Structure formats: C-alpha cells, structure tokens
Amino acid sequence: MISKETTRVVIEEMFALFPDAHGELVCANEFELLISVMLSAQATDISVNKVTPALFKRYPTPEAVVASSVDEIIPYIRSIGLYRNKAKNIYACCQALLDHFDGQVPKTREELMSLAGVGRKTADVVLADAFGIPAFAVDTHVERISKRLRICRLNASVLEVEETLMKKIPESLWIKTHHTMIFFGRYHCTARAPKCETCPVLTYCQEGKFRMRKKLSTTS
Ligand code: SF4
C-alpha cells in the first residue's frame, strides 16, 4: 500500500486535475437529495436527473409520497434500474420520516440507515452533501481508484476502503476528496479505459505502470 504521505500527494494531483468536482445529482433540498441518492443505486446520476424533475414536482414532500401509493410512484421512475424496489423503499422511507423524524431528513448515520433503502453509502452522501457533515462515501469509483493506486489493500471490503481513506486523508478533506475521486473515476481513470498515458499520478500507480508495460510489449 502507498503511505499516508504519498496518498496526500496523489489526492492533491487529483484536486489539480478536477478543481471543480462536485455532486452531480440535481437537488433543491435534503429530501430531494435523499430520494435521488436512493434512486442512484446501480444507476447513473444522468439517468436519475432525467426522472427527478417530474418526480419532485408531483412529490415535493414525504407527506405527498405517503398520500400516494407505490403503484403511483412507479411510472415516474420506471426508466431507472430496480424501480419496483426503489418505489417501495421511497414510500416506506417517507412513512418513516413522518412517523419518527417529524417529516425531516435526520442528521446522523444511524438514523439515516434506519430508513428503508438507505445503506451506509447513501447515508454518508446525505450527511456530507446535505449537511456538510464529514463522511467518506465509497462508491464503485472510489473503491476502484483506491485499489488501483493501492491506497488500500486490493482485497479490502468496502468498509475497509472507507476506514483506510479516513485514516490517510484529513477529515477536513473527506467531502472534497470523495467528489474528486468520483470525477477522477468517471472522467479519467475509468473502469475500462483508464488514461494512464496522460495520468498525473502514473509515477505512484502500480496498476498504471503494469498497464503501460503491457501496452508497450503488445505494440513492440
Ligand atoms: Fe488510473 Fe492509470 Fe492513473 Fe493509475 S495511472 S490512477 S490506473 S489512470
């Protein structure tokens, strides 16, 4: 694994490459963010952003959701993967918001994770992006980048990746680093075609060096 110091160097290079990294879900408040993040599981932010304007116009509050039904929610999110389960979770989540949280989105991980359809990653994104509470959500991009760069062990679980990142990166940078790593994974170190040739952190990256050697040997 790379050291804490090298991790900081690598992260600074990512900040320089993507100085404006930010969450890409379009939301007006914490309720919309919570629902959008729930919808984004195994779906792209672009696909979620396509359905949420009509969804939130019809359902601006938990009360509006609970006054409706799962079957009525489904047509609004049918283009999103796992839409049946997600519609059920949205309804149950809104019911719980009204029953236990006065219709407000709670501000602790434990309370958020008590809601239907809300796992650790969703809770961390809501804490960080809705309330500015330091958290380090590990999605597929963050996990891939952390492992390619050997910031964490290759066989680390998602929770271990999160714990390692939180140890190696100062708390004040968790939210910024989370967004930057997602941009880095989406637009530079993509799953299928990482841009190793032009990568500012190639010097520190075992995976990148391996890929470059392989490429050279197949072209020579
Ligand atoms: Fe990703 Fe390649 Fe850069 Fe390594 S060198 S971080 S694999 S793009």
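Keep in mind that what you see is a predicted model, and the values were worked out from it rather than measured. (Residues numbered from 1 in each chain as written. Predicted model: local features only at pLDDT ≥ 70, side-chain atom pairs only at ≥ 80, totals over all residues. Heavy atoms only, no water.)

### Some words on the overall build of the chain
Secondary structure assignment for the chain yields 12 helices and zero strands. Starting at the N terminus and walking to the C terminus, you meet the elements of the chain as α-α-α-α-α-α-α-α-α-α-α-α. Judged by the C-alpha coordinates and their principal axes, the chain covers about 65 × 35 × 30 Å. The buried share of the chain, reckoned over its 220 residues, is 46%. (Helix = DSSP H or I, 4+ residues; strand = E, 2+ residues; numbered from the N terminus. Buried < 20%, exposed > 50% of the residue type's maximum accessible area, 1.4 Å probe, protein only.)

### Topic: the nonpolar core
In terms of nonpolar packing, the biggest core is built from 38 residues, with Leu34, Ile35, Ile77, Ile90 and Leu115 touching the most fellow members. Elements supplying a minimum of two residues to this core: α2 (30-39), α3 (45-58), α4 (62-66), α5 (70-77), α6 (83-100) and α8 (120-131). Those residues in contact with Leu115, other than ones at most four positions away along the chain, are Leu34, Cys93, Ala96, Leu97, Phe101 and Pro106. (Core = buried A, V, L, I, M, F, W, Y, C linked by side-chain atoms within 4.5 Å. Contact = heavy atoms within 4.5 Å.)

### Section: the domain arrangement of the chain
Each assigned domain of the chain is listed with its residue range as follows: domain 1 (4-20 + 138-219) and domain 2 (30-131). The distance between the C-alpha centroids of domain 1 and domain 2 comes to 29 Å. The contact between domain 1 and domain 2 buries some 560 Å² in all, and 47% of this surface belongs to carbon and sulfur atoms. Put simply, Asp45 and Arg186 hold a salt bridge, and the shortest N to O gap is 2.9 Å. Where domain 1 meets domain 2, there are three residue pairs in polar contact (both at pLDDT 80 or more). (Domains from an automatic or database assignment. Buried area = accessible area lost by both parts, 1.4 Å probe. Salt bridge = Lys/Arg side-chain N within 4 Å of Asp/Glu carboxyl O. Polar contact = N/O pair within 3.5 Å; in protein donor to acceptor, adjacent residues only side chain to side chain.)

### Let's talk about the pattern of salt bridges
Summed over all chains, the structure comprises 11 salt bridges. Arg8 is the partner of Glu12 in a salt bridge, and the nearest nitrogen-oxygen pair spans 4.0 Å. Taken as a pair, Glu12 and Arg8 lie in helix α1 (residues 4-17) at a separation of four residues, close to a single helical turn. Its relative accessible area of 39% is what places Glu12 among the partly exposed residues. A residue is classified by how much of its surface remains accessible, and Arg8, at 32% relative accessible area, is partly exposed. The network of salt bridges with shared partners includes Arg109, Arg120, Asp124 and Glu162.

### Remarks on the site of the ligand
Neighbouring the ligand are 13 residues; Cys189, Cys196, Cys199, Cys205 and Gly208 lie closest to it. Looking at side-chain class alone, the shell around the ligand contains eight nonpolar, two polar and three charged residues. (Near = heavy atom within 4 Å. Nonpolar A, V, L, I, M, F, W, Y, C, P; charged D, E, K, R; others polar.)

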